[in-house]
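Per-entry structural report
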Amino acid sequence: MSEELLNRIFNEIQDMKQNMATKADLSNCATKDDLTNFATKDDLANFATKDDLANFATKDDLANFATKDDLANFATKEDVADIPYIKTAVNELSVKVSELSGRVDIIEKEMVRKADLQFIYHKIAEHDREIFNLKYQS
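Not measured: the values here are computed from a predicted model.

Rules behind the numbers
- Residues numbered from 1 in each chain as written.
- Predicted model: local features only at pLDDT ≥ 70, side-chain atom pairs only at ≥ 80, totals over all residues.
- Heavy atoms only, no water.
- Helix = DSSP H or I, 4+ residues; strand = E, 2+ residues; numbered from the N terminus.
- Rg over C-alpha atoms; globule rule 2.2 N^0.38 Å.
- Areas by Shrake-Rupley, 256 points an atom, 1.4 Å probe, with all protein chains shown as cover.
- Lys, Arg positive; Asp, Glu negative; His and termini not counted.
- Charge placed at Lys NZ, Arg CZ, Asp CG, Glu CD.
- Patch = residues over 30% accessible without salt bridge, like charges linked within 9 Å, V, L, I, M, F, W, Y side chains within 5 Å.
- Salt bridge = Lys/Arg side-chain N within 4 Å of Asp/Glu carboxyl O.
- Buried < 20%, exposed > 50% of the residue type's maximum accessible area, 1.4 Å probe, protein only.
- Phe/Tyr/Trp six-rings, centres within 6.5 Å; stacked < 30°, edge-to-face > 60°.
- pLDDT = per-residue confidence, 0-100.

Turning our attention to the overall build of the chain. Broken down by element type, the chain carries 7 helices and 0 strands. Counting from the amino terminus, the chain carries its helices and strands in the arrangement α-α-α-α-α-α-α. A compact globule built from 138 residues should have a C-alpha radius of gyration of about 14 Å, whereas the chain, at 46 Å, is more than 25% larger. A total accessible area of about 14,200 Å² is found for the chain, and carbon and sulfur atoms account for 56% of it. Taking the average place of the 18 positive charges on the side chains of the chain and the average place of its 27 negative ones, the gap between the two points comes to 9 Å.

See below:
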């Protein structure tokens with residue numbers, strides 16, 4: 001091997017050494033063992049991104065809403081349903097609604113509709129013309 005070739009190889013090795021990291025350079029870097037408890041990209045695939053959360057409410061948005069603790073002393077739907085006078089009132093209203101529903105059905109069957117009246121108005125107008133013609137053209 002020629003001296004020139006050896007010098008070129010030596011210079012390349014020196015250039016590589018300058019660009020290589022040393023143990024001291026890597027002392028602040030994490031090792032493979034240090035990363036065992038961290039999530040991988042695959043682990044994070046089912047999590048929401050910042051963009052996914054853009055349409056959700058923030059804590060500030062929810063500040064004026066009631067919490068579970070705020071609502072603890074309020075009656076539930078079940079509590080209210082058990083109050084006797086409310087049950088009675090609901091039952092009475094149910095009976096009245098049923099009665100009114102039946103009456104409305106009868107009224108709808110027997111009532112005169114606008115179309116019916118138009119036919120009658122048309123017939124009255126025809127008779128008025130006939131009477132007029134009989135009176136004034138004879």
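Having seen the structure, we can now continue with the description.
Next up on the list: a nonpolar patch on the surface. A cluster of nonpolar residues, Val-112, Leu-117, Phe-119, Ile-120, Tyr-121 and Ile-124, forms a patch on the protein surface that exposes about 600 Å² of accessible area. Note that Ile-120 resides in helix H7 (residues 114–136). For Ile-120, a relative accessible area of 42% corresponds to the partly exposed category.

Taken as a whole and judged by the stated rule, the model has 1 aromatic pair. With 4.8 Å between their ring centres and 45° between their planes, Phe-132 and Tyr-136 make a pair best called tilted. In this pair, Phe-132 and Tyr-136 are both assigned in helix H7, 4 residues apart and thus about one turn of the helix distant.

Now for the environment of Asp-25. Topologically, Asp-25 is positioned in helix H2 (residues 23–26). Judged by relative accessible area, which is 49%, Asp-25 ranks as partly exposed. Note: C-alpha distance between Asp-25 and Glu-130 (105 residues apart in sequence) is 117 Å.

This brings us to the pattern of salt bridges. Inspection of every chain in the model, using the stated rule, returns 1 salt bridge. One salt bridge connects Glu-126 with Lys-123, and the closest N-O pair in it is separated by 3.6 Å. With Glu-126 and Lys-123 both in helix H7 and 3 residues apart, this pair spans about one turn of that helix. Owing to a relative accessible area of 24%, Glu-126 belongs among the partly exposed residues under this scheme. Residue classification places Lys-123 among the partly exposed residues on the basis of a relative accessible area of 33%.

What follows concerns the confidence of the model for the chain. Should the pLDDT be low somewhere, the predicted coordinates at that spot are not to be read in detail. The predicted model of the chain has a mean per-residue pLDDT of 84, with 99% of residues at 70 or higher. By mean pLDDT, the top-scoring element of the chain is helix H6 (residues 84–110) (89), and the lowest-scoring one is helix H5 (residues 77–81) (75).

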